[in-house]
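Secondary and tertiary structure notes
Here are the chains, one letter per residue:
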Amino acid sequence: MEEGRENGDAVEYTEQSGMKLNFEEEHLSTKVFERNYYSSSSDDEDFYSLNSFDSDNVEIASKRLDYMIQFLDRKLATTTCSNGRNEVSEPESLPEFIGSGGGTGIFKVPVRSAVHPDRPPSLEVRPRPPTETQLGCFLRTIECTETQLWAGGECGVRYWNFSDLYSAGCRIEGMVRSGDEEAASFHESDHTSATLCLVADAGNRVVWSGHRDGKIRLWKMDRHSVDSPFREGLSWLAHRGPVLSMVMSSYGSESGVIKIWPWEAIKKSLSLTLEERHMAALIVERSYIDLRSQVFVNGASNIFTADVKFMVCDNSRGRVWSAGHLSFALWDARTRELLKVFNVDGQIDNRVDISSVMDLAMEDEMKMRFVPISKKEKPQSPFSFLQISRNAIIGAADAVRRVTIKGAFGDDNRRTEAIAVTIDGMIWTGCMNGALVQWDGDGNRLHDVLYHSFAVQCICTIGSRIWVGYLSGTVQVLDLKGKLIGEWVAHRSPIIKMAIGAGYIFTLANDGGLRGWNITSLCPLDNIVRSELSGKEFLYTRLERIKVLVGTWNVAQGRASQDSLISWLGSSASNVDIVVVGLQEVEMGAGVLAMSAMQETVGIEGSTVGQWWLDLIGKTLDEGSSFERVGYRQLAGLLIAVWVRNNLRAHVGDVDAAAVPCGFGRTIGNKGAVGLRMRVYDRIMCFVNCHFAAHLEAVNRRNSDYDHVYRNMIFSRPSNVTNSGVAGVSSSVPLLRSNTGEGLPELSEADMVVFLGDFNYRLYDISYDEARDFVSQRCFDWLKEKDQLRAEMKAGKVFQGMREGIIRFPPTYKFEKHQAGLAGYDSGEKKRIPAWCDRILYRDSRSSSVSECNLDCPVVSTISQYEACMDVTDSDHKPVRCIFSVDVARVDESERRQVFREIIESNEEIKFLLEKLQKVPETVVSTNNIILQNHDTSILRIANKSGGNRALFEIICEGESTIKEDGQGYDHHPRGSFGFPRWLEVTPAAGIIEVNQIVEVSVRHEEFQILEEFVDGSPQNCWCEETKDKEVILVVDVSGSFTTNKRSHRIRVRCCFPLTTTQIDSKSNNSRQPQGNLLHRSDMQHLGSSSDVVSHIRDLHGP
């Protein structure tokens, strides 16, 4: 027997066999196990002591024991032969021929490992579920509270408690949800309309959600009952269309409509008794303020109402940004006044939205027609004919400008796709062309950077870092100046949302995967965690073995009998898990090819003949009872289909299809390939059915056909299961089907690739009679030396690095139909030389001739059967089948989360680094009591005395009380999302304090205490707020750059109102024009040392 090796062009056979372990080898295997087991810190033994296993950990311990036994079995089954070559005991496997040219370029085996080497370790909260399980329930958005991670999907909302993020697995009322088997335990709501946005209200311990049906719903964070599903606490109809974006207090947008729900109305609805609860929704629903009716310029609304998509709150200045794709509007969050409207270039734009003008004009005209008007009354139309004409001209000019921009820049590639506010008060926006733009708080464009060519999908800020998620699945981390710190591929699909909580940045991918990245990522901590996880690989590695039956047959436009299919497939399918069938020449002819080309153009596939074959094969495999067909693809006469055994179906998903024509200028499907790609136990397997160029002399053409197919096969799934656009992905940008990061073909990224079909390679330098003689004598070894395919593979010209089982069956082409035996070879006028045209080749994860199956080499296959069905006579080709025994190493994500937690909690070096990075800087404040009279302003000073780290601060309002005459407070209630009351202005409410610096915060009592009651968007009543003294508790939350931990300072602010009150006329307009801050943020004061800071603060006096 010849040895298998791959050295340059030398290619031989390899046969896998096994032998018994001697004592020394067994001892060696045990040592290997011990070295891996004890590779972690010494503290790990605390986690494996018997005392640590209580009743809740029995299942975890049992699983770990199983995985450890699997690990030992693999080690004990691996021997070291005298020649140094490892062999796995598989006595029934066939020898294999390996083509040259593998291992380099696009034919290199994809790199796999227990922990991805090119990105920080992550916490898999929800491993990517199969797409088929997510129809109608894709996740679209996420939001974090102090203790929970919330997610909104197409059928409702769900949340994870942070304490459950490391839980073993998802169990809901004793059931395992399809697609969430390995997700951390979560709780789910009743079915709702699709959730588009989420906002957390920490002040009232609730979460607000905006939905496609136009409703806003309230969900309580603190639920006493853990039963699922849970129900909303309050909901109302906010818009006639979808609620696209919200910021506190519950702003929403729909087709450009911006509405405000005052906190007073929400507070009133939440305070209703159980008997009055039915009125809550109506109270809130009718209390909205329509900003279009509040802002007019020359009688027309000046808000960009065509494409408002995003909103964000700048707490530092008390402002709200509303953004469209090409426009921005800046609002005063306290007074609700429009401050500025500008475009993506930063240019102030006073355009009037013609649609709003015409709608209002039309409404006025309808009133004039159908509403009786007395003679004394005159129509009070706000628009004259000249005004409407002027607005129409401006609108037309704007349309021309938009068309010009679109033509110049290519489909509006500068349009805004994401927006976020950083702690230093800057606003960052992401564009469709990948650019990131920095703005100051006044809407002035500062500069832009471009580090990635794919569209920005989301931006998230934490401390002094900016995280950016892209359409390509890449995450980038920048500093506050926009300098790139690092990047990595976080997901294989677009990242549509990010959120911060529990020390993690959570990223939600378009495919439903949800991962947590430590906010300290891109630091030395990554290497330590990565090493620890790799060392404990055996604790979360699970091995699966499946059998795959692959069959190929050129049916020559005929139809087979049931007996032929039973002989070909039915007799071998009883003991396999997956059946892959490839057919060629199902139907041919000019009409068929023309119809196929037309169907491919419009996205239609399949035919009645193809369906006949699918039905017949399904009947042979007992489809329904034993197998389920999971996918198929047809291109003219080429057809491929996959059936999966029912008990394996839950572990097979993401079935995608592809077709590559190779005939007539690479456009017609008379030659070409069809393929199916799917995930099996989270490993990618591809099956490609080919039909290459015919005739003996067309060797180079066949090689070219293979190269064209390999490089150009792009998989996609039907549009009804694609989560594009609906989940927040830019609808104008094609959804990436895969992300190799290096521009490699998609087949290069598969863990296992199987090529099957009529490759049409012939026997060369041999006559018809000679070939017949060798076949009759079954001298196949000599004939194989004349095989074109073997020669081309040995030279590295085709099927580079692919494997084929040794051929022990006669050539499968060409036969006379319905003639049995070897005498059936073509005896006509042409006397075509017999050839092995019909072949099955494969490539798995092995980079060497033999490798152990593990997470570094996750798919290892052997061939247990490779033969032709010589008794089938329905075609001029014989059907061929091949049975693979495939070992798959997969990650048990539930167990991996447990190991991840143990590493973080037990490793002393990791704990030391985390403690250092997450340390909250020490700060002092100038006072803890402030008293304000009417119009008063007080200065609150915050000093950073840490000596080494910058401090980040944010000021919130914990609650508000009314003061009685005796000086005691009553009627205390929290503020929505810890917002400030309208009578109090705090500037800046957030920022950065450099080392040994002081920041000054202005705390101002506003002059007018006016309350307005709105009904259906219009003010109905206006009165002075109650003039009793008020008191609020301000909380200064201080954190570091790499932590969500906070240190808080509480400051009591009491406002003493004058005794006189002012009568307000509801019809008068007393709103003030926006004024500049009386006290601007002062320059930072430099202090020589921390002791100077303390001395300076001691000398400060409160107001």
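Preceding block: the structure.
Below: a short report on this structure. (Residues numbered from 1 in each chain as written. Predicted model: local features only at pLDDT ≥ 70, side-chain atom pairs only at ≥ 80, totals over all residues. Heavy atoms only, no water.)

**Notes on the packing of aromatic side chains**
Defined as follows: Only Phe, Tyr and Trp rings are paired, with Trp represented by its six-membered ring, and only when their centres lie within 6.5 Å; those with planes under 30 degrees apart are stacked, over 60 edge-to-face, the remainder tilted. Secondary structure elements follow DSSP: runs of H or I no shorter than four residues count as helices, runs of E no shorter than two count as strands, and numbering proceeds from the N terminus. Three labels apply to residues, based on accessible area from a 1.4 Å probe with only protein chains included: buried if under 20% of the type maximum, exposed if over 50%, partly exposed otherwise in between. In our convention, an over-ring charge means Lys NZ or Arg CZ found within 6 Å of a ring centre and within 35 degrees of that ring's normal.
Counted under the stated rule, the structure contains 32 aromatic pairs. Relative to phenylalanine 230, the ring of tryptophan 219 lies with its centre 5.7 Å away and its plane at 90°, an arrangement referred to as edge-to-face. Of this pair, tryptophan 219 sits in strand β14 (residues 215–220) while phenylalanine 230 sits in the loop between β14 and β15 (234–237), and the two are 11 residues apart along the sequence. Comparing tryptophan 219 with phenylalanine 230, the two get one shared label, buried. Taken together, the aromatic side chains of Phe107, Phe692, Tyr706, Tyr710, Phe755, Phe759 and Phe799 make up a single cluster linked through ring pairs. Here lysine 340 stacks its cationic end above the ring of phenylalanine 342, 5.1 Å away from the centre of that ring. Against the face of tryptophan 612 rests arginine 559, its NZ or CZ located 4.8 Å from the ring centre.

**A few points about the packing of helix α8 (residues 525–535) against helix α19 (residues 908–917)**
This is how the line gets drawn: All axes are obtained by fitting lines to C-alpha atoms, using only the stretch in contact for helices, and the reported angles, taken between N-to-C directions, cover 0 to 180 degrees. Every angle not falling under 35 degrees, over 145, or within 65 to 115 is termed oblique; those three ranges are roughly parallel, roughly antiparallel and roughly perpendicular. Crossings are assigned a handedness: left-handed for a near helix turned anticlockwise from the far helix by less than a right angle, right-handed for a clockwise turn. Here, two residues are considered to be in contact whenever any of their heavy atoms come within 4.5 Å of each other.
Closest axis-to-axis distance for the α8/α19 pair is 10 Å, and the angle between their directions is 155°. Judged by the angle between their axes, α8 and α19 are roughly antiparallel. Along this stretch, α8 crosses α19, giving a crossing that reads as left-handed. Of α19, the residues touching α8 (which contributes Leu525, Ile528 and Val529) are Glu909, Ile910, Leu913 and Leu914.

**Observations concerning the environment of serine 209**
Here is the rule we go by: Two N or O atoms form a polar contact when they lie within 3.5 Å of each other; inside protein one atom must be a possible hydrogen donor and the other a possible acceptor, and for residues adjacent in sequence the pair counts only when both atoms belong to side chains.
The residue serine 209 is located in strand β13 (residues 206–211) in this model. You can call serine 209 buried: its relative accessible area is 0%. Distance in space between the C-alpha atoms of serine 209 and methionine 246 is 8.3 Å, their sequence separation being 37 residues. Excluding anything up to four places from it in sequence, serine 209 contacts Val157, Thr195, Cys197, Leu198, Lys215, Ile216, Arg217, Trp219 and Met246. A distance of 2.7 Å separates the side chain of serine 209 from the side chain of histidine 211, its partner in a polar contact. Side chain to side chain, serine 209 and tryptophan 219 meet in a polar contact 2.7 Å long.

**A word on the pattern of salt bridges**
Put simply, the test is: By definition here, a salt bridge exists when the distance from a side-chain nitrogen of Lys or Arg to a carboxyl oxygen of Asp or Glu is within 4 Å.
What the rule picks out here adds up to 46 salt bridges. In this structure, glutamate 417 engages arginine 415 in a salt bridge whose closest nitrogen and oxygen atoms are separated by 2.8 Å. The closest approach of N and O atoms between glutamate 1031 and arginine 1054, which form a salt bridge, is 2.8 Å. You can see glutamate 1031 sitting in strand β56 (residues 1030–1039) and its partner arginine 1054 sitting in strand β57 (residues 1047–1055), a full 23 residues away along the chain. Here the salt bridges do not stand alone but share partners, grouping Arg128, Asp511, Asp654, Arg679 and Asp682 into one network.

**Notes on the sheet that holds strand β35 (residues 578–584)**
Heads up, the rule is: If DSSP finds at least two bridges between two strands, the strands pair.
The 6 strands lie next to each other as β36-β37-β35-β34-β45-β44, forming an open sheet whose pairing is mixed. Looking at the sheet topology across the chains shown, the edges are occupied by β36 (627–635) and β44 (859–868). The sheet shows a mean angle of 15° between the axes of neighbouring strands, taken without regard to direction. For β44 and strand β45 (residues 880–891), the ladder comprises 9 bridges, and the chain directions are antiparallel. Looking across to β45, one finds that alanine 868 is bridged to valine 880.

**Quick notes on helix α15 (residues 768–776)**
We count it as follows: Throughout, the arc means that of the directions going from the helix axis to the C-beta atoms.
All buried positions along α15 are accounted for by Tyr768, Ala771 and Val775. Buried residues of α15, seen end-on, are gathered within an arc of 65° and therefore sit on one face of the element. Counted as exposed and oriented over 90 degrees from the buried face of α15: Asp769 and Ser776. Check the buried side of α15 and you find it contacts α16 (780–784).

**Focus: the packing of α8 against helix α18 (residues 893–906)**
Operational definition: Gly falls in the polar group here, along with every residue not listed as nonpolar (Ala, Val, Leu, Ile, Met, Phe, Trp, Tyr, Cys, Pro) or charged (Asp, Glu, Lys, Arg).
Running from N to C, α8 and α18 point in directions that differ by 130°, and their axes come no closer than 10 Å. Of the possible angle classes, the one that applies to α8 and α18 is oblique. Handedness of the α8/α18 crossing: right-handed. Between α8 and α18, the residues in contact are Val529, Glu532 and Leu533 and Arg896, Val899, Phe900, Ile903 and Ile904, respectively. Considering only residue class, the contact of α8 with α18 consists of 6 nonpolar, no polar and 2 charged.

**Focus: helix α11 (residues 590–602)**
For the record, the criterion: A helix is expected to reach a length of 1.5 Å times the quantity of its residues less one.
For α11, built from 13 residues, the straight-helix expectation of 18 Å at 1.5 Å per residue is met to within 8% by its first-to-last C-alpha distance of 19 Å. Turning to α11, its buried residues are Leu593, Ser596 and Gln599. Seen from one end, α11 has its buried residues packed into an arc of 125°, which puts them on one side. Away from its buried face, by an angle of more than 90 degrees, α11 presents the exposed residues Ala590, Gly591, Thr601 and Val602. Elements that come into contact with the buried residues of α11 comprise β36 and β39 (668–680). Two residues or fewer after α11 comes glycine 603, characterised by a positive phi angle close to 85°.

**Concerning the sheet that holds strand β30 (residues 484–489)**
Note on sheets: strands pair through backbone hydrogen bonds, and any given pair is parallel or antiparallel. Reading across from one edge, β27-β28-β29-β30 is the order of the 4 strands in this open sheet, with antiparallel pairing throughout. Taken across any chain shown, the strands that pair with only one partner, and hence form the sheet edges, are β27 (456–462) and β30. Taken over all neighbouring pairs, the strand axes of this sheet differ in orientation by 20° on average, direction set aside.

**Observations regarding the pairing of strand β37 (residues 638–645)**
Of all 8 residues in β37, 8 are buried; the element is thus mostly enclosed. For β35 and β37, the ladder comprises 6 bridges, and the chain directions are antiparallel. For valine 581, the partnering residue across the bridge sits in β37 and is alanine 641.

**Description of the pairing of strand β9 (residues 148–153)**
Here β9 lies mainly inside the structure; 6 of its 6 residues are buried. One ladder, built from 5 bridges, connects strand β8 (residues 139–144) with β9; its direction is antiparallel. Each residue of the ladder has a partner; that of isoleucine 142, found in β9, is alanine 151. The antiparallel pairing of β8 with β9 creates a hairpin that spans 3 residues between the two strands. As paired strands, β9 and strand β10 (residues 156–161) are joined by 6 bridges and run antiparallel to one another. Among the inter-strand pairings, glycine 152 is bridged to a residue of β10, identified as valine 157. Joining the antiparallel neighbours β9 and β10 is a turn of 2 residues.

**Some remarks on the nonpolar core**
Formally: By nonpolar core we mean a set of buried residues, namely Ala, Val, Leu, Ile, Met, Phe, Trp, Tyr and Cys, connected to one another through side-chain atoms within 4.5 Å.
Core analysis: the largest hydrophobic core is formed by 54 residues, its most contacted members being Ile578 and Phe884. Ranked by residues supplied to this core, first place goes to β45 with 5 residues. Setting aside anything within four residues of it in sequence, one finds isoleucine 578 in contact with Ile546, Lys547, Val548, Leu549, Val642, Trp643, Val644, Leu648, Met678 and Val680.

**Some details on the environment of asparagine 949**
Here asparagine 949 is to be found in the loop between β48 (937–944) and β49 (951–963). Take asparagine 949: its relative accessible area is 40%, and that puts it in the partly exposed class. Separated by 92 residues in sequence, asparagine 949 and serine 1041 place their C-alpha atoms 8.2 Å apart.

**With respect to the side chain of histidine 877**
Its location among the elements puts histidine 877 in the loop between β44 and β45. Looking at histidine 877, the relative accessible area reads 3%, which means it is buried. Within polar-contact distance, the side chain of histidine 877 engages the side chain of aspartate 838 at 3.0 Å. Once residues lying within four places of it in the same chain are set aside, the contact partners of histidine 877 are Trp553, Asn554, Asp758, Thr812, Tyr813, Cys837 and Asp838.

**Regarding the environment of leucine 822**
One can find leucine 822 in the loop between β42 (803–805) and β43 (838–843). Residue classification places leucine 822 among the partly exposed positions, given a relative accessible area of 28%. For the pair leucine 822 and proline 811, spaced 11 residues apart in sequence, the C-alpha separation works out to 9.5 Å. Filtering out sequence-adjacent residues up to four positions away, leucine 822 remains in contact with Arg772, Val775, Ser776, Pro810 and Met870.

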